[in-house]
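# Close look at the chain arrangement
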Amino acid sequence: MNPAQPFDLLAKSAKLGWGGKPETLEQHTQRVVERLAALSCRSPQLPQIAGFSEFWHIAFWSAVIHDFGKAASGFQARLNGGGQKYPHRHEVLSLAFLPWVAEPNETRLIALGVISHHRDSAVIKTLYQDSSGADLLKEFEPRAIEWLKDWLEQVPNNWVDRYDLARLGVQQKTFQIDLNRFPKQAAEALETGIKLYANVYPLDEPYPHEPEFAQLQAERRLHILLRGIITQSDRMASAHAPTPSVLRLPSLAQITAQISAREQKEIQPRAHQIAAQREGNLIFSAPTGSGKTEAALGWAAKQQTQAPRRLIYALPYQASLNAMKERLERDLQPADGVAILHSRALQVLYRQQKEDAEDLEELTQNVRRQNDFNRLHQPAVAVLTPYQMLKAMYRLPGYEGLLTMLAGSSLVLDEIHAYEPTRLGMFLALTEALRRDFDVRVCAMTATMPTWLREELEQCLGVKALPPDAELFQASRRHRLELLEADMESPEAQKRIVDEVEAGRSVLVACNTVKKAQAVWQTLKTQLAPEKVLLLHSRFTGRDRLAKEQVIQTRLDASRDTQDPIVVVATQVIEVSLDLDFDRIFSEPAPLEALVQRFGRVNRRGKKGENGIVPVTVLTQPREGQRVYNDELVQRGLEQLEANVGAELDDLMISGWLDQVYKEPLLSLFRDEVQRSAKEFRAVAVNTLKAFAQDETLEQKFDDLFDGIQVLPKCFQQEYEETLKVSPIEASSLLVNAPRWITAGLREHVCWSETLKLFVADLPYSAELGMEWKVPEVREDSWGRLDD
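First things first, this report covers the structure right here in the doc.

What counts, and at which threshold
Residues numbered from 1 in each chain as written. Predicted model: local features only at pLDDT ≥ 70, side-chain atom pairs only at ≥ 80, totals over all residues. Heavy atoms only, no water. Helix = DSSP H or I, 4+ residues; strand = E, 2+ residues; numbered from the N terminus. Rg over C-alpha atoms; globule rule 2.2 N^0.38 Å. Buried < 20%, exposed > 50% of the residue type's maximum accessible area, 1.4 Å probe, protein only. Contact = heavy atoms within 4.5 Å. Areas by Shrake-Rupley, 256 points an atom, 1.4 Å probe, with all protein chains shown as cover. Lys, Arg positive; Asp, Glu negative; His and termini not counted. Charge placed at Lys NZ, Arg CZ, Asp CG, Glu CD. Pairing = 2+ DSSP bridges. Axes fitted to C-alpha atoms, helices over the stretch in contact; angles between N-to-C directions. Salt bridge = Lys/Arg side-chain N within 4 Å of Asp/Glu carboxyl O. Polar contact = N/O pair within 3.5 Å; in protein donor to acceptor, adjacent residues only side chain to side chain. Expected span 1.5 Å × (residues − 1).

## Comments concerning the overall build of the chain
- A count of helices and strands for the chain gives 35 helices and 23 strands.
- Taken against the 2.2 N^0.38 rule, which gives 28 Å for 788 residues, the C-alpha radius of gyration of the chain at 29 Å falls within 12% of a compact globule.
- Principal-axis analysis of the C-alpha atoms places the extent of the chain at approximately 95 × 75 × 55 Å.
- Burial statistics for the chain: of 788 residues in total, 57% are counted as buried.
- Sequence-distant contacts in the chain: of pairs separated by 6 or more residues, those separated by 24 or more amount to 77%.
- Put simply, the chain shows about 34200 Å² of open surface, and 47% of that area lies on carbon and sulfur atoms.
- Separation between the mean location of the 93 positive side-chain charges and that of the 109 negative ones in the chain comes to 2 Å.

Okay, here's the thing in structure tokens:
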């Protein structure tokens, strides 16, 4: 029952409230508590991870008073349409009411839970370090204080029963509030709380090698999880996100039954899938197409034996995530859907829903809302790249919420072989920290696993890898190795490609650089009908690339029994993007791991060729990495291929070849780089991880991991500006991925637009060829210069 109230205290204005109406303080607070209670059911392990049995008790009472500061007269005036920006932080003013709810032994943590739910400690310290508690208390009218007292005495204890929070250790409170003593108590609470937050960590923190460091890390972890759960609950409530549900994963037997029903034939779990059904960390390798994903999902279900756990599925490539999201939604059918978390997730969601949309502005709003829910970790299942998890350790905005989402989860690391040594070292150190400090259970899997990688994973996860099933790998053979002593632009290679297409086959031509792909495409289209030669690489606008992918997908979908006789000339984007099924491949030399990815686009279902085997052809020139790959890796890989011409390939065989590639001294160089990178990451990020402290220096280190930017082709500038007014997401489909160096190497033609806040590239672009890294041609006629 609501207390008698002389007036309504608001928490949200009509603009931000539910249904376009103002939202009262009670309504918002209850919605926060609802989400806190739901998150406690989804992640019940948080008190154990935090090392603090009263975690939910502290979180609940922090949530109850977290917005009491909004009762300030100036803040209420603004919410009621006063229009003036209120100068004070409401979370700071909320500290005035700490004495009402916090016992002496609870004061510190509830204060941190309240004051931290918007701004970092450095920000609050700058704003309030010299503030007087008595002066801040003047922001409240007596009637607002009386209303809060009456409400606190009558309402929150009922929520403890309503949401069954006593089972979590949340205790009801007996209030003895003396309003005569309140001014002095409140002023002291304000000053003490501000000072606490401003100096939350000691200046002379112990070093990692000192005994006290473990205690410091435990305290930091508690702070991270407390802030994470409060901000998550608050932001979900503010965004009016659905109340999160508990994840219930189907078992391996249930998943297998689904597949049997879908394919209308009896399917039994395979040996490696059954072996994966164990609690704790897991490492295994299995061939592509043998049900690795089903094995991992069955493993994740097994981790829920004692308590619910979120499921986090990590893949190295953004394009792979899009397909995995749809697959998990189909197989798991989670109540909250599947979140997709990467830098272009907004564009992916928009693209998936655009076909059925009638109003682009409405679509843009709906997609942004869905993306916000994903970023708030409202779904219990998420697909992401490891870079998203790195954001937490580099303390990018929202990192405490991200770590709280990861805490106590089941993490699947798929295609773990795909990272170069520097990033692999970082990911291993990240995984080790999540496992050790945040009770994350990890399943690392791949098709190809050289010995050195297996040993690194075993050390990181503290378990032995499952032995590979040699018979399973042999049964998965779909390719026979061929070499062609030629360069991709040579007449020999071109003739072989043309002959295959004219024989009615679909052909993938895999090049290592965009420039080479563009050149090969231009040559081939003079020898074949234009509609039979397609080009795909990363230097198209999102709109043109999507159109090309849709054409290619339609003509070469892996679910079809036959494919069109065409040739697709592509760069590495083909390794990870589409579920295609080519008849043949001609590839430039590349590291064995990359070649395996490319071969995976050929004869995917093992139904082509003689006895399900088709040739895959690797050219022997050029014998270097073309500034894309390590030269020695390419050369050693070629040596293995040359020694095994005619072999019928399987991933276990290639893992053995990789052991030969990664021999000394190359092996030491790679392992040293992995270990150097891991050591540096631990020192810079893991050992400095703490709450309330975003770090611009670390944010720059994170940005340095990525070489790319997006640029707008000048020919689309007018269209971009017009589209921007209707849908910024739609406008972004006119951008092209580019390396950072072009802003210097082609600085006269790639210029920053202060108006558009992006680089505009006056470089040649066409829907057929994509963007070229060369200056525009200048032509002249009798009237003078013409800009191409």
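Picking up where we left off.
## Topic: the sheet that holds strand β7 (residues 410-414)
- As summarised here, the arrangement of the six strands in space is β3-β8-β7-β4-β6-β5, forming an open sheet in which the pairing is parallel. Here the strands that pair on one side only, and so sit at the sheet edges, are β3 (282-285) and β5 (338-341). When the angles between neighbouring strand axes are averaged without regard to direction, this sheet yields 15 degrees.
- Strand direction decides the pairing type here: β5 and strand β6 (residues 381-384), joined by four bridges, are parallel. Opposite Ala339, over in β6, you have Ala382 as the bridge partner.
- Together, β3 and β8 (441-446) form the strand contacts of helix α23 (residues 451-461), whose direction differs from that of β3 by roughly 165 degrees.

## Some thoughts on the pattern of salt bridges
- Taken as a whole, this structure holds 51 salt bridges when the rule is applied.
- Among the salt bridges present, the one from Glu219 reaches Arg108, with a minimum N-O distance of 3.4 Å. On the criterion of sequence distance, the pair formed by Glu219 in helix α13 (residues 212-238) and Arg108 in helix α7 (residues 107-115) is long-range, its members being 111 residues apart.
- With relative accessibility at 27%, the residue Glu219 sits in the partly exposed group.
- A relative accessible area of 32% means that Arg108 is categorised as partly exposed.
- Close ionic contact of Arg671 with Glu455 constitutes a salt bridge, the shortest N to O distance being 3.0 Å. Placement of the pair is Arg671 in helix α31 (residues 666-686) and Glu455 in helix α23, with a sequence separation of 216 residues.
- Overlapping salt bridges bring together Asp120, Arg227 and Glu400 as one network.

## Some points on the side chain of Asp581
- Looking at the secondary structure, you find Asp581 in the loop between β12 (567-570) and β13 (584-587).
- Here Asn603 takes part through its backbone nitrogen, which lies 2.9 Å from a polar atom of the side chain of Asp581.

## What to know about the side chain of Arg395
- Here Arg395 lies in the loop between α20 (386-393) and α21 (399-406).
- A distance of 3.2 Å separates a polar atom in the side chain of Arg395 from a polar atom in the side chain of Thr688.
- Those residues within four positions of Arg395 in sequence are excluded, and the remaining contacts are Thr688, Leu689, Lys690, Ala693, Gln694, Asp695 and Leu698.

## With respect to α20
- Among the eight residues in α20, seven count as buried, and that is most of the element.
- The complete set of buried residues in α20 reads Pro386, Tyr387, Gln388, Met389, Leu390, Ala392 and Met393.
- Of the residues one or two after α20, Arg395 is the one with positive phi, at around 55 degrees.

## Describing helix α12 (residues 182-198)
- Taking 1.5 Å per residue as the helical rise, α12 with its 17 residues ought to reach 24 Å, and the 24 Å between its terminal C-alpha atoms agrees with that figure.
- Within the sequence span of α12, burial applies to Phe182, Ala186, Ala187, Ala189, Leu190, Gly193, Ile194, Leu196, Tyr197 and Ala198.

No statement about biological role is implied by the geometric values presented.
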